[in-house]
Amino acid sequence: MKYMFLLLTVIGIFGLSCSKSSNAGLPEGTWKLTTIYDRVNDITLLPANGTGDHIVLQFRGNSFSGSTFKNTITDGSFTTPGAGKIVFGFYNTTYVEEDEFGHPLLSVLSSCLLSSSSPCKPCDYTLEGDKLIISSPYIYELTFER
């Protein structure tokens, strides 16, 4: 019985040390998508329309929400498994067919959900002042600004 308690204590401590990481280093708030870079086709897109609307992501704690020109994104989750790494989890969206600007964002947010490898490759992110760059391991690099 004494050894069982010791074993459960060790397992509990180990389990806590392996729990999901926090969002350390990723500032909370609203980020506007300013540039989409398609590495495969070497194309840069500037998602701006004349109405003043923006594609945005909002980070709070380990959750995110946002919007594209056609969809609203809610109830998203993410983890940061290491410095400069982010893994987006499940999220809800209104599921209207996306345009050329919203598709890359949803592609990056879904990169781990659609990955055939386990664990999936996380996206990289860097912060440069008021600029946040999220780069998927596959096609897109997204630049956001406050």
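Scoring rules and cut-offs
- Numbering of residues begins from 1 in every chain and follows the order in which that chain's sequence is written.
- Restriction of local features to residues with pLDDT of at least 70 applies here, the model being predicted, together with a cutoff of 80 or more for giving and counting side-chain atom pairs; totals for whole chains, interfaces and linings are based on all residues.
- The side-chain quantities take in all heavy atoms of the structure and omit both hydrogens and water.
- Whether a residue is buried, partly exposed or exposed follows from its accessible area with a 1.4 Å probe, protein chains only, as a fraction of its type maximum: under 20%, in between, or over 50%, in that order.
- Where helices and strands are cited, they refer to DSSP runs of H or I of at least four residues and of E of at least two residues respectively, numbered from the N terminus.
- Paired strands, as defined in this entry, are two strands with at least two bridges between them according to DSSP.
- Sulfur atoms of two cysteines make up a disulfide when they are within 2.5 Å.
- For Phe, Tyr and Trp, rings pair up if their centres lie within 6.5 Å, where Trp contributes its six-membered ring, and each pair is then called stacked (planes under 30 degrees apart), edge-to-face (over 60) or tilted (otherwise).

Observations regarding the pairing of strand β9 (residues 131-135)
Within a regular beta strand, the side chains point alternately toward one face of the sheet and then the other, so they alternate between its two faces. Most of β9 sits inside the fold, with four of its five residues counted as buried. From the end of strand β8 (residues 123-128) to the start of β9, which pair antiparallel, there are two residues, and Gly129 there has a positive phi angle of about 65°. Bridging between β9 and strand β10 (residues 140-145) involves five bridges; their strand directions are antiparallel. Looking at β10, one finds that Ser135 is bridged to Glu141. Hairpin remark: β9 followed by β10, antiparallel, with four residues in the connecting loop.

Some details on unusual backbone geometry
Ser118 connects to Pro119 through a cis peptide bond whose omega is -5°. A positive phi is found at Asp42, a non-glycine position, where the angle reads about 55°. Position of Asp42 among the secondary structure elements: in the loop between β1 (29-38) and β2 (43-45). According to the relative accessible area criterion, Asp42 is exposed, its value standing at 57%. Backbone geometry places Tyr95, a non-glycine residue, at a positive phi of 60°.

Describing the state of the cysteines
Within this structure, the stated rule accounts for one disulfide. Bridging Cys112 to Cys120, the disulfide has an S-S length of 1.6 Å. Its torsion about the S-S bond being 75°, the disulfide of Cys112 and Cys120 is classed as right-handed. Relative accessible area serves as the criterion here: at 14%, Cys112 is assigned to the buried category. The closest cysteine sulfur to the non-disulfide-bonded Cys123 is located on Cys112, 6.6 Å from its own sulfur.

Considering the packing of aromatic side chains
Scanning the entire structure with this criterion turns up four aromatic pairs. Summarising the aromatic geometry, the rings of Phe64 and Phe88 are spaced 5.3 Å apart at their centres and angled 85° between planes, so their arrangement reads as edge-to-face. Of this pair, Phe64 sits in strand β4 (residues 63-67) while Phe88 sits in strand β6 (residues 85-88); the two residues are 24 residues apart in sequence, bridging distant segments of the chain. Each member of the pair, Phe64 as well as Phe88, carries the same accessibility label: buried. Residues Phe64 and Tyr91 carry aromatic rings whose centres are separated by 6.0 Å and whose planes lie at 50° to one another, so their mutual orientation is tilted.

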